[in-house]
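Residue strings, one per chain:
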Amino acid sequence: MPKTIRGSITVEGQEIAITNPEKLLWPEQGITKRIYLQKLAALSPYLLRYSRDRLLTVIRYPHGVPGMSFYQKNAPEPLPDYVRTATHDNITYIVLQGLPDLLWLGNMAALEFHPSLHYVGSSLPCEWMIDLDPSLEVEPRIMEAAAVVGEVLQSLGIASVPKTSGATGVQIIVPIRPGVTFDGLRRIGHFVGRYVTEKRPDLFTLERLKKNRGDNIYFDYLQHYGGKTLAAPYTPRARPLATVSTPLLWEEVQHNVSPADFHLLNIENRLSIMGDLIAKVPPQPVEALIPKLP
């Protein structure tokens, strides 16, 4: 059996055990666990902003990509003293607080972070997300679809931020004010979804069953709900190119950028130049739309 290499690092006063730092997690990109932890630390101010104080599901790849993986909702035992948990629907979730627990998860080869869409103890959404889910593994029209949705929201007086899922899809994020409900956002989402599918039936579908979608892109307004998750902004993804779920400028969408353009090896430089594009958009008055819907 290969020898396990062990060590530790101290972060914010907490000692974190590190095992096998030279293990390849993304072989195609040459990204080892050591490199991953460095990149995760660089991403942490952004990733934690959209994952902190939420119920966290992670996807772990003990042998790296493309090895076996598993979703982890229940917190593993034993837990370090600095890791907080919360119980919801009989599941004891990890609740991220800071860099020590993020790196602790990274050491366990948690490569994807999927937080709840609400804070612990709340039933209200933190933001609004529309998920554009391609039916095809390679979908050259995904940015075109995002642009259509962005234009419709803009026509309704709603500013939004597109982000790559880091896989094949795109999410449209709308910052909101406290008090908006998931049900209210579903009503707006259904309205916008019906509009774009009627406007572009060649591009969009509201059909949930993948086998019935044809080649169309699923406008998923239902995934944004209590108890569900979506890939966090700035989470790495367990894809061969080590892509990162990355917020975009609408100009980049117009230029048909590829989700593969944004990955662990270049995300730091992008963030140093652009910062957090989501945080630059103020909360939008979506609550004013709900009473006007048919």
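Reading the values: the criteria
- Residues numbered from 1 in each chain as written.
- Predicted model: local features only at pLDDT ≥ 70, side-chain atom pairs only at ≥ 80, totals over all residues.
- Heavy atoms only, no water.
- Helix = DSSP H or I, 4+ residues; strand = E, 2+ residues; numbered from the N terminus.
- Rg over C-alpha atoms; globule rule 2.2 N^0.38 Å.
- Buried < 20%, exposed > 50% of the residue type's maximum accessible area, 1.4 Å probe, protein only.
- Areas by Shrake-Rupley, 256 points an atom, 1.4 Å probe, with all protein chains shown as cover.
- Lys, Arg positive; Asp, Glu negative; His and termini not counted.
- Charge placed at Lys NZ, Arg CZ, Asp CG, Glu CD.
- Pairing = 2+ DSSP bridges.
- Salt bridge = Lys/Arg side-chain N within 4 Å of Asp/Glu carboxyl O.
- Polar contact = N/O pair within 3.5 Å; in protein donor to acceptor, adjacent residues only side chain to side chain.
- Contact = heavy atoms within 4.5 Å.
- UniProt positions renumbered as here; feature names shortened; annotations may be inferred.
- Arc of directions from axis to C-beta.
- Expected span 1.5 Å × (residues − 1).
- Domains from an automatic or database assignment.
- Buried area = accessible area lost by both parts, 1.4 Å probe.
- Nonpolar A, V, L, I, M, F, W, Y, C, P; charged D, E, K, R; others polar.

1. Considering the overall build of the protein chain
Then, number 1: Within the protein chain, the secondary structure is distributed over six helices and 14 strands.
Then, number 2: Its C-alpha radius of gyration of 19 Å places the protein chain within 12% of the 19 Å reference for a compact globule of 294 residues.
Then, number 3: A principal-axis box enclosing the C-alpha atoms of the protein chain has dimensions of 60 × 40 × 40 Å.
Then, number 4: Looking at the 294 residues of the protein chain, the share that counts as buried comes to 53%.
Then, number 5: Of the roughly 13300 Å² of accessible surface on the protein chain, a fraction of 53% belongs to carbon and sulfur atoms.
Then, number 6: For the protein chain, the distance from the average position of its 30 positive side-chain charges to the average position of its 29 negative side-chain charges is 2 Å.

2. Examining the pairing of strand β10 (residues 127–133)
Then, number 1: Among the seven residues that make up β10, six are buried, leaving the element largely enclosed by the rest of the structure.
Then, number 2: Bridge analysis of β10 against strand β12 (residues 170–175) gives six bridges, and the strand direction is antiparallel. Bridge pairing in β12 places E127 opposite P175.
Then, number 3: Inspection of the sheet shows β10 paired to strand β14 (residues 217–220) by three bridges, in the antiparallel sense.

3. Description of the side chain of R60
Then, number 1: One can find R60 in strand β5 (residues 54–60).
Then, number 2: Within the buried set, R60 has no salt-bridge partner at all; the shortest N-O distance to an opposite charge, 12 Å, is to E77.
Then, number 3: For R60, the side chain forms a polar contact with the main-chain oxygen of M108, separated by 3.1 Å.
Then, number 4: In this structure, R60 is in contact with M68, S69, F70, Q72, M108, A109 and A110, ignoring residues within four places of it in sequence.

4. Overview of the UniProt feature "domain: DNA ligase D polymerase" (unreviewed entry) in the protein chain
Then, number 1: In this numbering, the UniProt entry assigns the feature "domain: DNA ligase D polymerase" (unreviewed entry) to residues 32–277.
Then, number 2: Taken end to end, residues 32–277 is 28% helix and 22% strand, and its two terminal C-alpha atoms sit 28 Å from one another.

5. A few points about helix α6 (residues 267–274)
Then, number 1: For α6, every residue scored as buried is listed here: I267, R270 and L271. For α6, the angular spread of buried residues about the axis comes to 95°, placing them on one side. Residues of α6 that are exposed and point over 90 degrees away from its buried face: S272 and I273.
Then, number 2: On its buried face, α6 is in contact with α1 (33–47) and α5 (250–254).
Then, number 3: Remark: G275 follows α6 within two positions and exhibits a positive phi of approximately 65°.

6. Observations concerning the side chain of T57
Then, number 1: Secondary-structure assignment places T57 in strand β5.
Then, number 2: For T57, a relative accessible area of 2% corresponds to the buried category.
Then, number 3: A polar side-chain atom of T57 sits 3.3 Å from a polar atom in the side chain of K73.
Then, number 4: With residues up to four places along the chain from it excluded, the contact list for T57 reads Y71, Q72, K73, Y93, E112, F113, H114 and T229.

7. Thoughts on the sheet that holds strand β13 (residues 204–205)
Then, number 1: The sheet built from five strands is open, its strands ordered β11-β12-β10-β14-β13 with mixed pairing. Every interior strand has two partners, whereas the edge strands, β11 (161–164) and β13, have only one.
Then, number 2: Across two bridges, β13 lies against β14 in parallel orientation. Opposite F204, over in β14, you have I217 as the bridge partner.

8. Quick look at the environment of L293
Then, number 1: Among the structural elements, L293 can be located in the segment after α6.
Then, number 2: In this structure L293 comes out as buried when scored by relative accessible area, which is 14%.
Then, number 3: When the C-alpha positions of L293 and F191 are compared, they lie 7.5 Å apart, and in sequence the two are 102 residues distant.

9. As for helix α4 (residues 182–199)
Since the α-helix advances by 3.6 residues per turn, residues separated by three or four positions end up pointing in the same direction.
Then, number 1: In this model, α4 (18 residues) spans 25 Å end to end at C-alpha, consistent with the 26 Å of a helix rising 1.5 Å per residue.
Then, number 2: Every buried residue belonging to α4 is among F182, G184, L185, I188, G189, V192, G193, V196 and T197, and all of these are buried.
Then, number 3: In the core, the buried residues of α4 are packed alongside β9 (110–119), β10, α3 (142–155), β13 and β14.

10. Observations concerning the domain arrangement of the protein chain
Then, number 1: Here the protein chain is described as being made up of domain 1 (6–119) and domain 2 (127–228 + 237–292).
Then, number 2: Counting residues at the interface gives 21 residues for domain 1 and 25 residues for domain 2.
Then, number 3: Taking both sides of the interface into account, the surface hidden between domain 1 and domain 2 amounts to around 2100 Å²; carbon and sulfur atoms contribute 63%.
Then, number 4: Taken as a group, Q29, K39 and L117 account for 30% of the area that domain 1 buries against domain 2, more than any other trio of residues on that side.
Then, number 5: The tally of links between domain 1 and domain 2 comes to four salt bridges.
Then, number 6: Connecting domain 1 to domain 2 are nine residue pairs in polar contact (both at pLDDT 80 or more).
Then, number 7: Breaking the side of domain 1 that touches domain 2 down by element, the ones donating at least two residues are α1 and β9.
Then, number 8: Of the residues forming the side of domain 1 that touches domain 2, the biggest block, seven residues, is contributed by β9.
Then, number 9: A breakdown of the residues in the side of domain 1 that touches domain 2 according to their chemical character gives twelve nonpolar, four polar and five charged.

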